[in-house]
Each structure stands twice: as C-alpha cells, then as structure tokens.
Amino acid sequence: MNEVTILRILYKNKLRIAATALLIGIITAGLSLLLPDIYGATSALMISEPQVPITGEFPPMTVESLQNLAKSTRVKAELFKEIKASGALPPQTAFRDFDQMLSVSAERQLGRTPSYIPIVLLSVSSKDPDLCAAVANKWSDIVLSHASSIYTSGVDDLNSFIGKIYKQANDSLLKTESDLTSKSLEVNLAVSESKLEEYKTIHTRIYAERLALNEEVNLKQNVIQELKQQIEGMEINGSWAGEAFNQELRQNPGITPSALTTETLRIFQTVRQILINEDKLADFEEQSELQFMRMELKNKESQLAHIAEEIVQTRNKLAKAVTQYDTMRTELDKIDPVITLEKAITDDAIWAAQLQEKALPTGILKSQEVNSVYQDLQKQVVLIASDIKGLQGQVDYFTSQTSILKDDIGKLSRSIMQKDAERKTLLSSITKDRELLQFLETEYNKRRQQLETLESEYLLARAQSRSKEQDLNELETEIQKLERHIFYSKNTLDALQRDVENLTQVRATLASKAEEVSLLHTASQNLSRSGVVPLFGAERNDGKIKPSRSKITLGAMAAALLLTCIVLIMNAIVREN
C-alpha cells in the first residue's frame, strides 16, 4: 500500500473522519464544562538597592531570602488567619488547602552567569477572582511588613531577633522532626495502606459475587413467576386440570367450563375427546360383532382348507382313474369284440338252414362268438368312466363351493378389515390423546418440581446475597475507618514534613546570613537605604488561567482525527491482505 492509496482512502472517508472528530470534540467540550474555572491574581515585590552604596550600611535582601520569607509558614499562617477572620474564606477551609493556593516565583536573567531578577511574584489561584486579588494583596502587605521590620528595627533587636528566630527555628525543627518520627511510628502508614488495599481487594471480589448473586436472584425470580403462570394455567383449584376435567366430564358430559386459559382449554378438549372416543369404542365393540365375524371367518377358512384337501384328493383319484381309463381303452382297442370259429357243417346247421329256408351251407362253416374278455374289459371301462364323471362332478362342486367360500371370506375379511381400521382409528386417537394428556401432565409435574427447586435455589441465593451485603457493609465501614485514619495521618505527616522542610530552609538561611548579621551589628549606626518595595498590586482578573477548554477540545479532536485515520488505514490493510 503506497501513499496515494492511503490518501485515496482518507479522501474517500473524509466525511466519516470529520464527523468522528467533530463528535469527539463536542463530547470533550461538554465534559470540559464540568471542570471548574480557576482564576489567578499576582502581586509583585521588588528589592531596591541604593545607586551609590555606603560602606557599612545594611545590604539589600537577596531574592532567595525574600522568597523564603514569603514562603515561610509563619507568614502563610498569619495570612491564613487574617483572610479567614475577614470572612473571605469558607469556614471549613483547611490550612493545607489554603497553602496549595499560594505560590512564590522569581525569574532568572539569561546569560553566561544567570542570576535572579530582584523581583518576587506572589501568585494566588482560586475559583473566586475577588478572593485571589484580596489574598495576593494581603500577602504582599504581610511580606512587606516582615521585610521592613528587619531594616527598621535596631541592630541589637535584629541581632536578638535573628538569634531568637534561629533558636526557635532550630528548636521547632528538632521538635517537628521528633513529632514526625513519633507520628510515623504511631500511625504505621504502610501497614494501614496495605490493610486498606487488602480490604479493597476483598470488597471488589465480594461486590462482584454479590452482583452475580443479585443477577441470579432476579433471573430465578423471573423464571419462578413465569413458571407459576404456566402452572396456574394447567391446574384447577391448585390441582392437575386433567383429573378435575375427567371427573366433571364423567359426571356431566355436556359441561362446558368458561374463563379457561389456553392450556386448560387444551387439556379440557383433550380429556373430552378421550371420553368421547372411549364411548365410541365401547359402542363399536358392542355393535360391530367383530369377534363373531372373526370366528365365522375362521370357520369358513377351515371349510375352505377342508374343501381344498378334498379337491386335491379327488383330483388325485381323478388322475388315477383317467390314467387307468386311458390304459384300459388302449387295451380294449387292441381286443376284438367278436371271436370267429371255423368248424365242419353239422346236421344241426343243415337243419337250421332248412327251417329258415336258406341255402344250405357248403364247405367249412364259420361262426362268431362274443369275446368275454372284451366285454369284461368294456364293463370295467364303463365303470371307470362313470367314476371319472362322478369325480369330475365332485371337483366342479368343490370348486363352486370354494368360489362361494372365497367370496364369503373376502366379504368377511373386508368387513373385518374395515371394522379393524375403525377400531384402530379410535384406539389410535385415544392413544394419541392419552399420550398428549400424559405429556401435559408430565410437563405440569416437571414444572412443579422445577418450581420447587428454583424456589429453594432462589431462597438460598437471596440469603447468600444478604450475607454478602452484610459483609460488604462491614468491609465498607472498615475501609472508611482506614481511609479516614490514612487521610488524617497523611495530612498530619505532610504538614509535619512541610514544617520540617520549611524550618530546615529557614535555619539554613539564618545560618547563611550570620555574616550579614555581624555586618549589620558593626554598621548599626547607619540607616540602610535598601529595602523591599511593592512593584504592583493584584487586581480582579476575570480571565481564567485554567482549564483551557479550547486546547483540550482541539487536542481531543486532533487525537480522534489521527486515530480514525489510523483505524481506516489498518482496516484497508487487513482487507487487502
């Protein structure tokens, strides 16, 4: 990805970038309005030196000395006392908070050997511009008063003052250091802070557990309410609706309850349908004669089987008779029905011929006789043929009876199948309705059991939540005690530490000025022409010094603009990859 592509991406999303920066700027500007306005006021003191110094006169006060004098606890305490007495400060304002309003500064000259400009600036910052100006001017007056007293007092008084101040500063420093050490050992701040952190960690953990328990309690409470509504919609007078409907419908089949819910109406319709189908099934069993029809069908099937056996046996006999008939017919065809006999003419033959007035036979006489074998065989063939005809008649009779039985069996089977289908339909409907009713009853019992379990879990979770809440209250009490203890201890230790630092600086300053005190002692008869004079006083300034809302807003918009550009470029890189 090159620079041109990046510029194209940024140009394509210019409205999104501008909208994001504008939105962040509006939000930041709105949030910056919550920051309080801080005003400031400054008064200045200048160290004046004589144009022509005279030997032995008091040297002018150094910038460091004037700074130390202005920052001294004594001056600040006197200033705090007077300002508070005037009613300009709220009664609950502490000296520590007042001290944070004050600042002393001096500027250095630029060059090869930088040195301080003999001007000391006394700055005050507060939410009230009038208070800032009043405190800065009063502070300047108190510092001038203390600085001028050094020059106007006698040398002996000054020497005594310096010695007394040094002794007081030294004694105060030793006492303050001892108090600081004793207080540090007494409060044992590290142990208290460690215990506070431990309590806060425990508090955070217990608070998270309590939140989780509260969420669990709320969730279970909602589920319990929903389950109660579902259970109430499946019961009548606190019991399973199916049982109540079953009893009512058996006593009064035509009853139609009113004001039923969706679930109870469904249960009522299911129970009523089961009873209706059971009555139909009982009537069907009484009127269908299905058992008699099955017995009759079984009897006819038995008859059909017996006839089938008879047909098989008769056909076997018929086949044997036909085979025997064909065999005997074949043999019969081979035998002559008449036997021809040749013999000489006898007297009987001549006599018979004369009686009949026929010509007398000549030569050998031939006579024919019926073949007895042929006749016997023919009789047997006739008998077998009659048997075949009888057997064929039996087969035809049995066949017609079979057809009649089959028709009867078919009709009975169709009737039985139809009635079985009706019976199965009723049984299936009853079974389905009973399964549905059983499912609804199982669901009802399951919900009741689930409700009992959830109620016990709800009570346990609520008890645990209350226990955690009690633990949190106890921990919060202990944390507040520790925080108050640490806060007061830190304030005390910080005040003692500042006093130690200030007294150390004062003592070092007084020690460094020992030669100046000696010089002042030798030239006490001369009046110094050096001193501290006010350069300018503080006035009310309605221009706040902070916060700079425009800079904050512009900075936030710039950051949002840059971040949005980076995000868009990174997204484009990710899509490209």
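Conventions we followed
- Residues numbered from 1 in each chain as written.
- Predicted model: local features only at pLDDT ≥ 70, side-chain atom pairs only at ≥ 80, totals over all residues.
- Heavy atoms only, no water.
- Helix = DSSP H or I, 4+ residues; strand = E, 2+ residues; numbered from the N terminus.
- Buried < 20%, exposed > 50% of the residue type's maximum accessible area, 1.4 Å probe, protein only.
- Areas by Shrake-Rupley, 256 points an atom, 1.4 Å probe, with all protein chains shown as cover.
- Salt bridge = Lys/Arg side-chain N within 4 Å of Asp/Glu carboxyl O.
- Core = buried A, V, L, I, M, F, W, Y, C linked by side-chain atoms within 4.5 Å.
- Contact = heavy atoms within 4.5 Å.
- pLDDT = per-residue confidence, 0-100.
- Phe/Tyr/Trp six-rings, centres within 6.5 Å; stacked < 30°, edge-to-face > 60°.
- Lys NZ or Arg CZ within 6 Å of the ring centre and 35° of its normal.
- Patch = residues over 30% accessible without salt bridge, like charges linked within 9 Å, V, L, I, M, F, W, Y side chains within 5 Å.
- Pairing = 2+ DSSP bridges.
- Axes fitted to C-alpha atoms, helices over the stretch in contact; angles between N-to-C directions.
- Arc of directions from axis to C-beta.
- Parallel < 35°, antiparallel > 145°, perpendicular 65-115°, else oblique.
- Nonpolar A, V, L, I, M, F, W, Y, C, P; charged D, E, K, R; others polar.

### Focus on the overall build of the protein chain
At step 1: Secondary structure summary: the protein chain contains 15 helices and 10 strands in total.
At step 2: Expressed as a percentage of the 577 residues in the protein chain, the buried residues total 30%.
At step 3: When the accessible surface of the protein chain is summed, it comes to about 37200 Å², and 54% of that surface belongs to carbon and sulfur atoms.

### Points about the pattern of salt bridges
At step 1: Tallying each qualifying case throughout the model produces 13 salt bridges.
At step 2: Asp99 is the salt-bridge partner of Lys76, the closest N and O atoms lying 2.9 Å from each other. On the criterion of sequence distance, the pair formed by Lys76 in helix H4 (residues 73-85) and Asp99 in helix H5 (residues 95-101) is long-range, its members being 23 residues apart. The exposure classification of Lys76 matches that of Asp99, with both residues buried.
At step 3: Here Arg447 ties to Glu443 by a salt bridge, and the two come within 3.5 Å at their closest N and O atoms. Of this pair, Arg447 and Glu443 are both found in helix H13 (residues 372-512), 4 residues apart, which corresponds to roughly one turn of the helix.

### Points about the nonpolar core
At step 1: Counting 33 residues, the largest nonpolar core has Trp139 and Val143 as its most contacted members.
At step 2: For this core, the secondary-structure elements that each account for two or more residues are strand E1 (39-48), helix H3 (63-71), H4, H5, strand E2 (102-105), strand E5 (119-126) and helix H6 (129-152).
At step 3: With 10 residues, H6 is the largest single contributor of residues to this core.
At step 4: In this structure, Val143 is in contact with Leu45, Leu66, Leu69, Ala70, Val75 and Leu122, ignoring residues within four places of it in sequence.
At step 5: Val217, Ile224, Tyr444 and Leu454 belong to the second-largest nonpolar core, a separate cluster that totals 21 residues.

### Focus: the confidence of the model for the protein chain
Low pLDDT marks stretches whose predicted atomic positions should not be read closely.
At step 1: Here the protein chain averages 77 in pLDDT, and 82% of its residues register 70 or above.
At step 2: Within the protein chain, the element-level pLDDT minimum falls on helix H14 (residues 514-522), averaging 57, and the maximum on H4, averaging 87.
At step 3: Across residues 523-529 the pLDDT falls below 50, and counting only partners more than four positions away or on other chains, this stretch makes 17 contacts in the model.

### Digging into the packing of aromatic side chains
At step 1: Counted under the stated rule, the structure contains 4 aromatic pairs.
At step 2: Residues Tyr397 and Phe398 carry aromatic rings whose centres are separated by 5.8 Å and whose planes lie at 55° to one another, so their mutual orientation is tilted.
At step 3: Using a relative accessible area of 48% as the deciding quantity, one classes Tyr397 as partly exposed.
At step 4: In this structure an aromatic cluster arises from ring pairing among Phe80, Phe95 and Phe98.
At step 5: When the ring centre of Tyr11 is taken as origin, the NZ or CZ atom of Lys14, which lies over that ring, is 4.1 Å away.

### Some points on a nonpolar patch on the surface
At step 1: A cluster of nonpolar side chains, Leu23, Ile24, Ile27, Leu31 and Leu34, forms an exposed patch at the surface whose accessible area comes to about 490 Å².
At step 2: Tracing the backbone shows Ile27 in helix H2 (residues 14-32).

### Some points on the sheet that holds strand E10 (residues 531-536)
At step 1: Taken in spatial order, the 4 strands of this open sheet run E2-E5-E1-E10, and their pairing is antiparallel. The outermost strands of the open sheet, each flanked by one partner alone, are E2 and E10. When strand polarity is set aside, the average angle formed by the axes of neighbouring strands in this sheet is 25°.
At step 2: Alignment of E1 against E10, held across 5 bridges, turns out to be antiparallel. When the bridges of E10 are listed, Leu45 appears paired with Pro534.

### A word on the pairing of E1
At step 1: Judged by how many residues are buried, E1 sits mostly within the fold: 7 of 10 residues are covered.
At step 2: Examined bridge by bridge, E1 and E5 share 8 bridges and lie antiparallel to one another. Among the inter-strand pairings, Ser43 is bridged to a residue of E5, identified as Leu122.

### Concerning the environment of Ala560
At step 1: Note that Ala560 resides in helix H15 (residues 549-576).
At step 2: A relative accessible area of 9% means that Ala560 is categorised as buried.
At step 3: A C-alpha to C-alpha distance of 8.3 Å links Ala560 and Ile17, two positions 543 residues apart in sequence.
At step 4: The residues contacting Ala560, other than those within four sequence positions of it, are Thr20, Ala21 and Ile24.

### Observations concerning the side chain of Thr402
At step 1: Take Thr402: it is sitting in helix H13.
At step 2: Residue contacts for Thr402: discarding those within four places in its chain leaves Leu304, Ile307 and Ile311.

### Some details on the side chain of Thr314
At step 1: When you line up the elements, Thr314 lands in helix H11 (residues 290-334).
At step 2: In this structure Thr314 comes out as buried when scored by relative accessible area, which is 4%.
At step 3: In this view, Thr314 contacts Leu391, Gln394, Val395 and Phe398; residues no more than four positions away in its chain are not counted.

### Here's the deal with helix H9 (residues 241-251)
At step 1: Every buried residue of H9 is accounted for by Ala241, Gly242, Ala244, Phe245 and Leu249. Take H9 and look down its axis: the buried residues cluster within an arc of 160°, on one side only. Structural note: H9 exposes Arg250 and Gln251 on the side pointing more than 90 degrees away from its buried face.

### Section: the packing of H3 against H4
At step 1: The interhelical angle for the contact between H3 and H4, taken along N-to-C directions, is 45°, at an axis separation of 5 Å. Regarding the angle of H3 to H4, the classification is oblique. Packed against H3, whose contacting residues are Leu69, Ala70 and Lys71, the element H4 presents Thr73, Val75 and Lys76 at the interface.
At step 2: Here the contact of H3 with H4 is composed, by residue class, of 3 nonpolar, 1 polar and 2 charged.

### Observations concerning the environment of Gln313
At step 1: By the secondary structure assignment, Gln313 is in helix H11.
At step 2: On the basis of relative accessibility, which here comes to 43%, the residue Gln313 falls in the partly exposed class.
At step 3: Along the backbone, Gln313 and Val395 are 82 residues apart, and their C-alpha atoms lie at a distance of 9.6 Å.

### Some remarks on the environment of Asp130
At step 1: Relative to the helices and strands, Asp130 resides in helix H6.
At step 2: A relative accessible area of 41% means that Asp130 is categorised as partly exposed.
At step 3: Along the chain, Asp130 and Gly40 lie 90 residues apart, while their C-alpha atoms are 9.4 Å from each other.

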